[in-house]
Every structure is written in C-alpha cells, then in structure tokens.
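# Breakdown of the fold
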Amino acid sequence: MTERKADDDFEEVFRALLPAAVAAAERVLGERAAAEDAAAEAFARAYVAWRRVGVLPYRDAWILRVTVNQAIDAARRRPRGVLRREGPDPSDAVVTRMAVAQALRTLPRRQRHVVVLRHLVGLSEAEVGQVLGLSENSVKTHAARGMAKLRQRLGQASFEP
C-alpha cells in the first residue's frame, strides 16, 4: 500500500467513523468536548499504526474500542463524585451518563469492555468477541454479569441498554 493510498484510506475511515466514535465516547463521558478529545486520541493512535490497523478485518471496531478506552480513562481521571457541568442547569441525561461512567469503573476490566462495546458502542456479540478475542458465549457471559452488576449498583430503572 503506497503512503498516499494509505493516507486516503485513513481519511475516508476517519470521515465515516468519527461521528460514531464521538457518540460512543460521549455516552461514557457525558460531554461533547471530552468525547471529541477521546476520539481524536484514538484516531491519532490508529494513524500512527495505520499500516497494521488499516488492514484489520475489524478495523472500525478496533478504533471504536480505543475510543471507548480513552473515554473510560478520561472518566477515571476525574475526581470521584464530581460531575462536570457545562451549564448552570445540567440535564438528567448528563447526570445519568456520569453515574453510568462511575459504575462502569467498578466493573472488572473484561466485563467493562464487553458492556461498553456491546451496549454503548452497539457492536454485535460476534464483533465484540472478534475485537476482544473471546467466544460469543464468553461475550454473553461477561455482558450478563456486567449488566447485572450495573443494575445492582444503579437500580433496575436507571440503566437499560
């Protein structure tokens, strides 16, 4: 693959996938600006490794996974119990997103990855399994356990994917 062709391919993927990456990060973080930062970091990492990443059969899922990981890391760096408020009157959606992000931090790493990719990013069980190197049954198990813990922590009515 020539360098110009690789750059064109990356730009095409970037334009097509950026809205989904920002949306996935925004679901975790509850803030557009922070979500854009997480997506930008994920695409920067993809660009640096584009010769390898660009040919992956699950390239889009890889970029979305890195985006969500960046968003989770950003949420983790925030002080616990502190909500970021963009205006004087935060919506219930922002408060809910922050509660979900904080609850996600309490899950074991594998469950957190599966829940985020499956329910927040919207990948199928097969796609999640492919990205994480798990069988579909293992994805189902981790998703069920993770969702049960989230429901317990947040309350049944608070979190329905």
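Procedures and definitions
- Residues numbered from 1 in each chain as written.
- Predicted model: local features only at pLDDT ≥ 70, side-chain atom pairs only at ≥ 80, totals over all residues.
- Heavy atoms only, no water.
- pLDDT = per-residue confidence, 0-100.
- Helix = DSSP H or I, 4+ residues; strand = E, 2+ residues; numbered from the N terminus.
- Contact = heavy atoms within 4.5 Å.
- Phe/Tyr/Trp six-rings, centres within 6.5 Å; stacked < 30°, edge-to-face > 60°.
- Buried < 20%, exposed > 50% of the residue type's maximum accessible area, 1.4 Å probe, protein only.
- Expected span 1.5 Å × (residues − 1).

### Looking at the confidence of the model for the protein chain
Atomic detail in the predicted coordinates should be set aside for any region of low pLDDT. When pLDDT is averaged across the protein chain, the result is 81; 81% of the residues are at 70 or more. Ranking the elements of the protein chain by mean pLDDT puts helix 5 (residues 92-105) last with 73 and helix 2 (residues 32-48) first with 91. Low pLDDT, under 50, characterises residues 82-90; the predicted model gives this stretch ten contacts beyond four residues in sequence or across chains.

### Overview of the packing of aromatic side chains
The tally for this structure, following the rule as stated, stands at five aromatic pairs. Between F10 and Y47 the ring centres are 4.9 Å apart and the planes differ by 65 degrees, which places this aromatic pair in the edge-to-face class. One end of the pair, F10, is in helix 1 (residues 3-29); the other, Y47, is in helix 2, with 37 residues separating them in the sequence. For Y47, a relative accessible area of 42% gives the class partly exposed. Ring centres of F10 and W50 lie 5.1 Å apart, and the angle between their planes is 85 degrees; this geometry places the pair in the edge-to-face category. Residue F10 is located in helix 1, and its partner W50 is located in helix 3 (residues 50-53); the two are separated by 40 residues in the primary sequence. Taken together, F10, F14, F43, Y47 and W50 form an aromatic cluster joined through their ring pairs.

### Description of helix 2
The end-to-end C-alpha separation of helix 2 is 24 Å, in line with the 24 Å expected for 17 residues at 1.5 Å each. For helix 2, the complete set of buried residues consists of A34, A35, A38, A39, A42, F43 and A46.

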